[in-house]
Amino acid sequence: MAFVKLGSKSEAFRREGQAWHCTSGLPSDVTIEIGEMFFYLHKFPLISRSGLLAKLIKESSNDDGSVCVLQLSDIPGGAKAFELVAKFCYGVKIELTPLNIVSLRCASEYLQMTEETGDGNLITQTEAFLNDVFGNWTDTIKALETCEEVLPHAEELHIVSRCINSLAMKACTDTKLFNWPVSENGQEGTTGADIWNGISVEKRIQPLTDDWWYEDVSFLSLPLYKRLIQAVEAGGMRPENVAGALVFYAKKYIPLMNRQASFKDATSHTKSGSTISTPSEADQRVLLEEIMELLPNQKGVTETRFLLRLLRTAMMLQASPSCRENLERRVGLQLDQAALDDVLIPNMGYSVETLYDIDCFQRILDHFMSIDQASSAPSPCIIEESQLMEGSLPLTSLTKVSNLVDSYLAEVAPDVNFKFPKFQSLAATIPDFARPLSDGIYRAIDIYLKAHPWLTDSEREQICRLMNCQKLSLEACTHAAQNERLPLRVIVQVLFFEQLRLRTSISGWFFVSDNLDNSQSSIRRGNHDTNTANDRGSSIDDMRERVAELEKECNSMKQEFKKVVKTKKRWNVFCGKKSQCDLNTVKPCKIQPPPVNEHKNHKKGET
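Analysis parameters
- Residues numbered from 1 in each chain as written.
- Predicted model: local features only at pLDDT ≥ 70, side-chain atom pairs only at ≥ 80, totals over all residues.
- Heavy atoms only, no water.
- Helix = DSSP H or I, 4+ residues; strand = E, 2+ residues; numbered from the N terminus.
- Buried < 20%, exposed > 50% of the residue type's maximum accessible area, 1.4 Å probe, protein only.
- Contact = heavy atoms within 4.5 Å.
- Polar contact = N/O pair within 3.5 Å; in protein donor to acceptor, adjacent residues only side chain to side chain.
- Expected span 1.5 Å × (residues − 1).
- Phe/Tyr/Trp six-rings, centres within 6.5 Å; stacked < 30°, edge-to-face > 60°.
- Lys NZ or Arg CZ within 6 Å of the ring centre and 35° of its normal.
- Salt bridge = Lys/Arg side-chain N within 4 Å of Asp/Glu carboxyl O.
- Pairing = 2+ DSSP bridges.
- Axes fitted to C-alpha atoms, helices over the stretch in contact; angles between N-to-C directions.
- Parallel < 35°, antiparallel > 145°, perpendicular 65-115°, else oblique.
- Nonpolar A, V, L, I, M, F, W, Y, C, P; charged D, E, K, R; others polar.

(A) Quick look at the overall build of the protein. Of regular secondary structure, the protein possesses 29 helices and 9 strands. Relative to its full complement of 607 residues, the protein shows a buried share of 43%. Restricting to contacts in the protein with at least 6 residues of sequence separation, those with at least 24 account for 71%.

(B) Local environment of the environment of Asp439. Positionally, Asp439 belongs in helix H23 (residues 439–451). For Asp439, a relative accessible area of 24% corresponds to the partly exposed category. When the C-alpha atoms of Asp439 and Ala476 are compared, they prove to be 6.2 Å apart, with 37 residues separating the residues in sequence. When near neighbours in sequence (up to four residues on either side) are disregarded, Asp439 contacts Lys471, Leu472, Ser473 and Ala476. A distance of 2.5 Å separates polar atoms of two side chains, one belonging to Asp439 and the other to Ser473.

(C) Representation of the side chain of Asn241 in the model. Mapping Asn241 onto the fold places it in helix H12 (residues 239–253). Aside from chain neighbours lying at most four places away, what touches Asn241 is Asp210, Trp213 and Tyr214.

(D) Main features of H12. Compared with an ideal rise of 1.5 Å per residue, which puts 15 residues at 21 Å, H12 spans 21 Å between its outermost C-alpha atoms and is within 8% of the ideal. With 12 of its 15 residues buried, H12 lies for the most part within the structure. What H12 keeps buried is the set Asn241, Val242, Ala243, Ala245, Leu246, Val247, Phe248, Tyr249, Ala250, Lys251, Lys252 and Tyr253.

(E) Expanded view of H23. Here H23 spans 18 Å end to end across 13 residues, near enough to the 18 Å set by a 1.5 Å rise per residue. Here H23 has its buried residues at Ile441, Tyr442, Ala444, Ile445, Asp446, Tyr448, Leu449 and Ala451.

(F) Fine view of the packing of aromatic side chains. Under the counting rule described, the total for this entry stands at 11 aromatic pairs. Between Tyr214 and Phe248 the ring centres are 6.5 Å apart and the planes differ by 50°, which places this aromatic pair in the tilted class. Of this pair, Tyr214 sits in helix H10 (residues 214–217) while Phe248 sits in helix H12, and the two are 34 residues apart along the sequence. Comparing Tyr214 with Phe248 shows no difference in burial state: the two are buried. Three or more aromatic residues joined by ring pairs form one cluster here, namely Trp213, Tyr214 and Phe248. The cationic tip of Lys252 hangs over the ring face of Phe219; the distance from NZ or CZ to the ring centre is 3.5 Å.

(G) Representation of the pattern of salt bridges within the structure. Evaluated as defined, the whole model comprises 16 salt bridges. Between Arg105 and Glu127 there is a salt bridge, with its nearest N and O atoms 2.7 Å apart. On the criterion of sequence distance, the pair formed by Arg105 in helix H4 (residues 101–110) and Glu127 in helix H5 (residues 122–134) is long-range, its members being 22 residues apart. By relative accessible area, which is 21% here, Glu127 ends up partly exposed. Arg363 is paired through a salt bridge with Glu328; the nearest N and O atoms lie 3.0 Å apart. Placement of the pair is Arg363 in helix H19 (residues 358–372) and Glu328 in helix H17 (residues 321–333), with a sequence separation of 35 residues. The structure contains a network of salt bridges with shared partners spanning Arg105, Glu109, Glu127 and Arg162.

(H) Representation of the sheet that holds strand E2 (residues 13–16) within the structure. In space, the 5 strands of this open sheet follow the order E2-E3-E5-E4-E6, with mixed pairing throughout. Since the sheet does not close on itself, it has two edges, and those belong to E2 and strand E6 (68–71), each with one partner. Strand-to-strand twist in this sheet, taken as the mean axis angle between neighbours without regard to direction, amounts to 20°. Examined bridge by bridge, strand E4 (residues 30–34) and E6 share 4 bridges and lie parallel to one another. Paired with Glu33 across the bridge in E6 is Gln71.

(I) Examining the environment of Met292 more closely. Mapped onto the elements of the fold, Met292 is located in helix H15 (residues 281–294). With 31 residues separating them along the chain, Met292 and Cys323 place their C-alpha atoms 7.2 Å apart. When neighbours within four sequence positions are excluded, Met292 is seen to be in contact with Leu310, Cys323, Asn326, Leu327 and Arg330.

(J) Geometry of the packing of helix H3 (residues 78–89) against H4. Two numbers describe how H3 lies on H4: the axes approach to 9 Å, and their chain directions differ by 70°. Accordingly, the angle class assigned to the pair H3 and H4 is roughly perpendicular. Here H3 contributes Ala81, Leu84 and Val85 to the contact with H4, which in turn contributes Ser103, Leu104 and Ala107. Here the residues of the contact of H3 with H4 sort into 5 nonpolar, 1 polar and no charged.

Functional significance is not addressed by these values, which are geometric in nature.
This is the structure we're talking about:
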């Protein structure tokens, strides 16, 4: 910490209770009252340095030689600052430091201690030292913190703005280019030497990271911190660094946010401020709303997880509706980066129906859909399951959100208070083409049907229309075919599409096999035909067994369906005026692959 010594005389004052006495031996002829403190001094040293004191002493002096009494209750810095001023007037040694320079500069201005009154006066001395302070990061922060005590006078002398501009310039400076002499935690980057095993080893300064200044400025009050953030933004700092500083500040002074974080997260950000008293909920609410306004608007600059924690805290603190709406909009802007645990926001309303705030997630999802609608490619193409498994097609932001919505629905589906219209509305927000597979929505539907057994047959059919049976994986089809909670019509559709998929697979397999056989050379064809025919024969047998099983399942389902319809007399549910699903006329499709022997003979003839 920088310092400057002024004066040359030894200590000439002594304190007795609430009074300061000069020990020069001369009787005091002027008394200055500052609050409860009294200074018994002499006129001449004060008149020779302070224009204000010279004026006041002249106005209050009497011809009878009585002691002059002055009251300076509004002097910046109070009695502590005037003590140093009095010592300066008497030529006693004093020390200027970053902790007292601001109050002394303001007090000297208040007392009119200019060069016209005396050479080398206190205004000139303090102003020169202030310029030295502004050149050092740590000293500037200490000086800025003391501005709170004399804020109106410091603002008038532009000390606050000069401190903030100095800090902003240093924070925006590339430390790699200029080797700025600042290290983490505000300590100067000096090299030293350690002794290890009798050998002197020189210490190397670790390179600074982009967040080196976060903790140092986090001790500033909110008004000063806000002005500093605005200054670094104007100075061209990257939005990611600005957002990082605000996140650090929020986690430090909003304890409710740390309750939602992991223990490691919370302790790492509150270690430096562990001695700070916990702010009230009103102060936390004001701080949260201010930080919300300061956060950069660019997408991806602030972590989605932090925004969701900020939204949850805003609900707990009952922040303003505009603040919560702004947070929901920002989360919706980058919902594709969110995780399931973060969007499970507990319901904090007065009329709590569901465990989680489903309406809030619906609004966030609506924001995302309104923003992503223009950039999404609305081409309802069917993606093969094999392509998804191989990862050849990159997931778009809309597909990521669809997976998130399906997982969210599966998580909140067991809530018995989760109404059917809300489930249907939330699931239908995602278009069908955004779901490469329907396994996720099928799982959510199955959980919801299990937790809500009182749904009518019409509601069960409506909820099952949310999934595309053609996009179910083999495991999901197997589960759905045996799921008693699904309507019978849906089970029939699942079996039909699975059989259709098998037919397509077999046809494609034969097509590829023919092309491969035709492209083989005549030298290697004999041995290869023998091995291929054996493999093909075993594959065809497996296919025939699978087709036979599917035919049996379809026949059994048809018989069961007939019994149900005959008993309940409800033909109109499944058959309209022009029925498209008359199972009396549906025959199980039989797949007849070409005989193996004929195929072999055909190949031998070609050879």
